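# Examination of the molecular architecture
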Amino acid sequence: YASAPAVKSVSPNTGPATGHTSVTITGEGFAGVSAVSFAGVPALEFKVNSPTSITAVSPPGASGTADVRVDGSGGESAISRRDHFKYAPVVEALLPNTGPTTAGTHVTITGTGFALGTTGTTFKFGKTKAKSVECTSTTTCTVSAPAGTAGTVDVIATAGKVAGQANPPGDQYTYG
């Protein structure tokens, strides 16, 4: 009888909710692997490099933590904190993407991986957090831009305690 594979680490362990991140999975028992999944969603593709290494491409996913599981001839890898991959929200566009230096401009933000409601997602315009956020879907939020100084800043989303990264030019807001 073959034992189930074991995932010991994933690198990188964070990627955008849009997917398509190349992830190296290390562990053991990877000979005969038939599937790799992220929170139950099959990897877009995977390659077994050795009995201890797999390269997989993350599928699109919801913001937050996903368990990376490996299916082999001995069963599926057990869930552990070592198999965590974090999906980060992505800001793709702002409308409008310019406004005055005073607070209060309503901005519609589109992207992926946002949490529904008023508390699950936060947005920073540069270093300043927007105070009013309403996400009507996982791809659209309306915020009230905070005050800022003249110039261009990145707008970064955080959802499920996972911060996104800069995504120019779609996430840029110009004050002035």
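One can find the structure itself at the top, above this paragraph.
Here's a quick rundown of the structure.

Summing up its helical and strand segments, the protein has zero helices and 20 strands in all. Counting over 176 residues, the protein shows a buried share of 38%. For the protein, restricting intrachain contacts to residue pairs at least 6 apart in sequence, the fraction spanning at least 24 positions comes to 57%. Accessible surface computed for the protein: about 8,800 Å², of which carbon and sulfur atoms make up 54%. In the protein, 11 positive and 10 negative side-chain charges are present, and the distance between their average locations comes to 11 Å.

Once that is clear, we can look at the state of the cysteines. Across all of its chains, the model carries one disulfide by this definition. With its sulfur 2.0 Å from that of its partner, Cys 135 forms a disulfide with Cys 141. On the sign convention where negative means left-handed, the S-S torsion of about 100° between Cys 135 and Cys 141 marks this disulfide as right-handed. Each member of the pair, Cys 135 together with Cys 141, is buried.

To continue, consider the environment of Pro 51. Here Pro 51 is to be found in the loop between strand 6 (45–50) and strand 7 (53–57). It is 43 Å that separates the C-alpha atoms of Pro 51 and Lys 124, two residues lying 73 residues apart in sequence. Aside from chain neighbours lying at most four places away, what touches Pro 51 is Gly 27, Glu 28, Gly 29, Phe 30 and Ala 31.

In this fold, Thr 158 is placed in strand 18 (residues 151–159). You can call Thr 158 partly exposed: its relative accessible area is 25%. Not counting chain neighbours up to four residues away, the residues in contact with Thr 158 comprise Pro 89, Gly 120, Thr 121, Thr 122 and Ala 163.

If you look at the biggest cluster of nonpolar residues, it comprises 18 residues, and the most contacted ones within it are Ile 109, Phe 114, Phe 123, Phe 125, Val 143 and Tyr 173. Among the secondary structure elements, those contributing two or more residues to this core are strand 11 (90–95), strand 13 (106–112), strand 14 (121–125), strand 16 (132–135), strand 17 (140–144), strand 18 and strand 20 (172–175). No other element matches strand 18, which puts three residues into this core. One finds Val 10, Ile 25, Val 33 and Phe 85 within the second-largest nonpolar core, a separate group that totals 16 residues.

Cut-offs applied
Residues numbered from 1 in each chain as written. Predicted model: local features only at pLDDT ≥ 70, side-chain atom pairs only at ≥ 80, totals over all residues. Heavy atoms only, no water. Helix = DSSP H or I, 4+ residues; strand = E, 2+ residues; numbered from the N terminus. Buried < 20%, exposed > 50% of the residue type's maximum accessible area, 1.4 Å probe, protein only. Contact = heavy atoms within 4.5 Å. Areas by Shrake-Rupley, 256 points an atom, 1.4 Å probe, with all protein chains shown as cover. Lys, Arg positive; Asp, Glu negative; His and termini not counted. Charge placed at Lys NZ, Arg CZ, Asp CG, Glu CD. Disulfide = S-S within 2.5 Å. Core = buried A, V, L, I, M, F, W, Y, C linked by side-chain atoms within 4.5 Å.

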